[in-house]
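Analysis of the macromolecular model
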Number of protein chains: 2
Amino acid sequence: MKISIISIGDELLKGSTINTNLAHIGQKLFESGILPINSLTIPDSEKEMRDAFDFAFSLCDVVITTGGLGPTADDVSKDIAASYFGRGFYEDEDSKANIIERWNKLNRKDFPARLLQQAKIPEGAEPIKNITGTAPGIWLESEDPDGKPRLLIMLPGPPSELRPMFDDIVMPRLRKRIENPLKSKLFFVAGMAESIVEEKMQPLLCPELSVAYCASPGNVRLFLSSADNALLRKKIEGVQKIFKKHLLPENCSLPVEHIIGLLRTKNLRLATAESCTGGLIASEITSVSGASDVFTGSVISYANKVKTDVLGVAPETIENFGAVSAECASEMVSGVCEKLAADAGIAVTGIAGPGGGTKEKPVGLVFIAVKFYGELVVKRYNFSGTREAIRIRALSMSINMLRELILGMN
Amino acid sequence: MKISIISIGDELLKGSTINTNLAHIGQKLFESGILPINSLTIPDSEKEMRDAFDFAFSLCDVVITTGGLGPTADDVSKDIAASYFGRGFYEDEDSKANIIERWNKLNRKDFPARLLQQAKIPEGAEPIKNITGTAPGIWLESEDPDGKPRLLIMLPGPPSELRPMFDDIVMPRLRKRIENPLKSKLFFVAGMAESIVEEKMQPLLCPELSVAYCASPGNVRLFLSSADNALLRKKIEGVQKIFKKHLLPENCSLPVEHIIGLLRTKNLRLATAESCTGGLIASEITSVSGASDVFTGSVISYANKVKTDVLGVAPETIENFGAVSAECASEMVSGVCEKLAADAGIAVTGIAGPGGGTKEKPVGLVFIAVKFYGELVVKRYNFSGTREAIRIRALSMSINMLRELILGMN
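The structure displayed is predicted, hence computed values, not measured ones.

Describing the layout of surface pockets
Within this model, the second largest pocket holds a volume of roughly 1100 Å³. Every residue lining the second largest pocket is counted, 37 residues in all, and those nearest its centre are B:Gly9, B:Glu11, B:Thr17, B:Asp74 and B:Asp75. Residue assignment for the lining of the second largest pocket shows that the elements contributing at least two residues are helix H7 (194-201) and strand S10 (210-216) of chain A together with strand S1 (3-8), helix H1 (10-13), helix H2 (20-31) and helix H6 (159-175) of chain B. Broken down by class, the residue content of the lining of the second largest pocket amounts to 13 nonpolar, 15 polar and nine charged.

Details of the sheet that holds strand S10 (residues 210-216) of chain B
Residue and element names in this part refer to chain B. Pairing within the open sheet is antiparallel, and its three strands lie in the order S9-S11-S10. A single partner strand is all that each edge strand has here, and the edge strands are strand S9 (183-190) and S10. Geometrically, the sheet is characterised by an average inter-axis angle of 15° between neighbouring strands, direction not taken into account. The pairing of S9 with strand S11 (residues 219-226) spans eight bridges and is antiparallel. The partner of Phe187 across the bridge, within S11, is Leu222. Most of the contacts of helix H7 (residues 194-201) go to S10, to which it runs at about 160°, and overall it touches S9, S10 and S11. Helix H8 (residues 229-243) rests against S9 and S11 of the sheet, and its axis sits at about 155° to S11.

Looking at the nonpolar core
Across soluble globular proteins, nonpolar side chains have a tendency to be buried as a group. Counting residues in each nonpolar core, the largest one holds 75 residues, and the members touching the most others are A:Leu263 and B:Leu263. Among the elements that line this core, the one with the most residues is helix H14 (residues 387-406) of chain B, at nine residues. Ranked by size, the runner-up nonpolar core spans 49 residues in total, among them A:Met154, B:Ile42, B:Ala56 and B:Met154.

Here we look at the packing of helix H3 (residues 46-59) of chain B against helix H4 (residues 77-84) of chain B
All names here are of chain B. The geometry of H3 relative to H4 is characterised by a closest axis approach of 10 Å and an angle of 50° between their N-to-C directions. Between H3 and H4, the angle is such that the two are oblique. Note on packing geometry: the crossing formed by H3 with H4 is right-handed. When H3 is examined against H4, the residues Glu46, Met49, Arg50, Phe53 and Asp54 are found in contact with a partner set consisting of Ser77, Ile80, Ala81, Ser83 and Tyr84. Class assignment of the residues belonging to the contact of H3 with H4 gives a composition of five nonpolar, two polar and three charged.

Section: the sheet that holds S10(A)
All names here are of chain A. Ordered in space as S9-S11-S10, the three strands form an open sheet in which the pairing is antiparallel. Looking along the sheet, the strands with just one partner apiece sit at the ends: strand S9 (183-190) and S10. Put simply, the sheet's adjacent strands are angled 15° from each other on average, direction ignored. Here seven bridges tie S10 to strand S11 (residues 219-226), and the two strands are oriented antiparallel to one another. When the bridges of S11 are listed, Ala215 appears paired with Val220. Each of S9, S10 and S11 touches helix H2 (residues 20-31); the most contacted strand, S11, lies at about 40° to it. Along the sheet, helix H8 (residues 229-243) contacts S9 and S11; its crossing angle with S11, the most-contacted strand, is approximately 155°.

Here we look at the interface of chain B and chain A
Tallying the contact residues gives 76 residues for chain B and 76 residues for chain A. Each partner contributes to the roughly 5800 Å² buried at the junction of chain B and chain A, and carbon and sulfur atoms together form 63% of this total. A per-residue breakdown of the area chain B buries against chain A is headed by B:Leu13, B:Lys14 and B:Tyr302, which together make up 10% of the total. Between chain B and chain A we count one salt bridge in total. Top element by residues in the side of chain B that touches chain A is strand S13 (residues 295-301) of chain B. It accounts for seven residues. When the residues that make up the side of chain B that touches chain A are grouped by side-chain class, the tally is 35 nonpolar, 29 polar and 12 charged. In this sheet, strand S2 (residues 38-42) of chain B lies alongside strand S2 (residues 38-42) of chain A in antiparallel orientation, the contact comprising three bridges. Within S2(B), the residue paired with A:Thr41 across the bridge is B:Ser39.

Here's the deal with the pairing of strand S12 (residues 270-274) of chain B
All names here are of chain B. Counting buried residues in S12 gives five out of five residues, a clear majority hidden from the surface. Because side chains alternate across S12, one face comprises the buried residues Leu270, Thr272 and Glu274, and the other comprises Ala271 and Ala273, equally buried. Here five bridges tie S12 to S13, and the two strands are oriented parallel to one another. Bridge pairing in S13 places Ala271 opposite Gly297. Considered for its hand, the β-α-β crossover made up of S12, helix H10 (residues 280-286) and S13 is right-handed.

What counts, and where the lines are drawn
Residues numbered from 1 in each chain as written. Chains lettered and ligands numbered in written order. Predicted model: local features only at pLDDT ≥ 70, side-chain atom pairs only at ≥ 80, totals over all residues. Heavy atoms only, no water. 1 Å grid on protein atoms, 1.4 Å probe; cavity = no way out; pocket = protein on both sides within 12 Å on 5 of 7 lines; lining within 4 Å. Points joined across faces, edges and corners; volume = space filled by probe spheres on them. Helix = DSSP H or I, 4+ residues; strand = E, 2+ residues; numbered from the N terminus. Nonpolar A, V, L, I, M, F, W, Y, C, P; charged D, E, K, R; others polar. Pairing = 2+ DSSP bridges. Axes fitted to C-alpha atoms, helices over the stretch in contact; angles between N-to-C directions. Contact = heavy atoms within 4.5 Å. Core = buried A, V, L, I, M, F, W, Y, C linked by side-chain atoms within 4.5 Å. Buried < 20%, exposed > 50% of the residue type's maximum accessible area, 1.4 Å probe, protein only. Parallel < 35°, antiparallel > 145°, perpendicular 65-115°, else oblique. Left-handed = near helix turned anticlockwise from the far one by under 90°. Buried area = accessible area lost by both parts, 1.4 Å probe. Salt bridge = Lys/Arg side-chain N within 4 Å of Asp/Glu carboxyl O. Right-handed = clockwise from strand over helix to strand, strands pointing away.

Here you go:
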C-alpha cells in the first residue's frame, strides 16, 4: 500500500495553523509499518488540488486528504474531488440528521441551509461518521484509467474531528488491506531523557530490528518493529529488562494514567496545589476519563493570600523563604492533601516568566513537592525556555516524581 | 514569484516530529503577500526527492527545501540536489572554519572528519551562513531547459538554525524580487461561529478582496488582503462596523487576553471554580504572561466535598438539584469570588463523559456561571463529542460568556 497525504487549507501555507494532522496520521500509519510516500500541503484552490491529485495518484494507490469539508465558501475540497473523479452528489440522511441535531443542541435559531452542503456525498462514495462535528468524511473507491484500484479518503481539518475518525474508522479499515504488516511493539518510557533511552538501547540493535524514538513531554515513545516475530519477542524481553519500572504498563500511554490506575487499585485519593503551572497538572489528570474515581480536586493558588488562606501555608514561611521555595512547596502539598482529603498530592511553585525573575530566583526556578501517605519529597529545578516550555516541564516532572514515589523508585 | 516548500525527513512522515518550519516560512512569506503554491513532505530518499523536484519546478520558479543538510548518513538532500542539477562540489572555506570553531568550543577531542561534508557546496551555488549550527544553507540559481530562471534554496531542519537563516538572509533577498506585495489585515472574532462570521461578511466581498476564515476554539481568525490599499482600508472599516465588540482589540489574539487586559485596567481580580473542565480554564488564563496581575486562583472541585467545604456550596443545593445544575454553578462562582477575593469569576460544572451520564443529565450537559461585580449569568449547554471536545467547548464558552458580561454585550 502506497499512501500520500494531502493537507488542504490556505491557513497551513500562510503559517496561521501548524499541521498536526500529518504527524497524527503519520504516527498511526507508521505503527502499522507504513511510511507514507509523501505529503502535500496545498491551498483551497482547484488548480493546485488537481495538480496534487495527479501527482499523488501517479505515485500512490491511497490518498488521504485533510481539510476543506466544512460549510464555508473556502471549503471546496469535496466539490473539486467529485469533479476530478467525475461524480455527482447524493444527500446522506445520517449526515443530514447529525448536522440538524448538532445545530438544535446549540439552541440557536434560523438554521443556515448551507450547513446541509456537508451532507452531500460524492456518488459511489461512503460517508465516514463524524462524532465530534458536522462534516462527515468520505471513502471513495475507484480505478485509474488502467484499471488499477485507487482509494481516496477525505477527512475534516479540525484535529478533534479528524482524530477519532481516523483512529476508529479509517485506520482499522486500512489495516485490513496491509499485506505483510510489520510486527511491532510500542513502549512508553517514563522519567528518562530521549538520549538516555537511545544509549541504553544500543546493545539491542541489529539490522533486522527497526527502532524509532519519539520524545514528548513526560515520556519517550520507543517503537520496535521487525518482519521477524521471534526476534521481535526477544528484543521486547530485552527492553523490559533494561527499563524495568520506567516502562508504563500495557494499558497506559501517559504517566498520569498509570498514577490514576495505581491509586484506584489502592482506593486512594489525589489532589494538587499549583502556582506557576496554574491548572495544567489538574487538567492533565482530568483529561483521563474516570479520573473522578481518585481525583478530589486542586487549589490553584496564584495569589499568596490563597496559599495562606485556602491551603494553610504559614505566612511566616512565605515571609522567610518566599512563595517560590522548597518550604512553601512542602506546606502547599501537605495543606492540599489535608484540605481536599487526599492521600497523594502534588504541589508546584515557581517562576514561569518571562517577567518576575530575580538574580536569586531566576525565571525557570521551580520547586515541586510530592506526597504519598507519610512520605514527602521536594525537589528544586532550573528549567529553561519559554513560559510555555517551563510550565510543561514542571507538569511532566511533577507527574513523574509522584509516579516514582508511589512505585518506590527513589 | 511562485514558491514551493519541500520538507525533507522521515521523521516528519512518521509523525515523530511536527513540521513547524512550514508554518514559520509560510507566515513570513504571507506577510509579504506571497501564498506558496504548495508544500511537499518527503522521506530522506532519492526517488521521492527527484519526483518532488520535478513536481515543484513544474509549477514554481522558487523551491525552498528544509532538512537533510547535516553530517549523518541519512542527510542526503545536498547530494541528491547537486546530482539533480548536474553539479559537482567545492569546499567553502568560511563554512569549514565555522564547523571547526564550533567543534572546538565543545571541548571534545577527535574531530570527526565527516563533519566537513557540511562545508561542501554545489558548484555555482552560494552558502547561506548558519549562525546557530554547523550546516550552511545553499542558494542555487539555475535555468530550466527552456531558459526560465529557477532558484533552489536549501536550509537545515532544526528550527533554531533555520529561523535566523530564513528571516535574516533568505527573506530579505526574496522580498527584493516581489513585484506587487499584498496589503493585509488579521482580525480575531470572538463568540461567533465561523459560519456566522462568513455570512456577515457577504456584503463586503468583492473580487479585489481576498478573505480567509480559520476557526479555533474560542475565536475565528478573519484575514483580509488586497493589492489595493485604499480598498483594504475601507473593508477594514466595514469589518469593524459589522462585528463591533466581537472583534478582539489589536494587541489580543485570544479572548482570555482581552479579559485579562480589561480587568487589569480596572484593577480587578479574577478567580475560577471548575468541575468538569478540571483546570483547563485556569491553565488557559495562566498561559498568558502577566496573568498574575489579575488572577488570584482557582478551586478545582471534582469531589462534591470540595464544592461544599472549600467553595461553600450548600449541601442542600447538591442534594436537591445535583452537582450538575444551574444552582450549583451559581453557588460555585459566588463562593470562589468570595473565598479567593475576586471581582469576576467563572464556574463550570458538567458531565464530560464518556461515563457518568443519565437520561436527565446526559454526557455533554454543562452549566456555566459567570460573575462580574453584582451581576451573575448562568447558562445551560448540551455539548457533543469526545470528553476532550466537551471540555474544550466548555472552556471557550465560559471565557466568552465572561468577556460578554464585562463588555455589557448581553
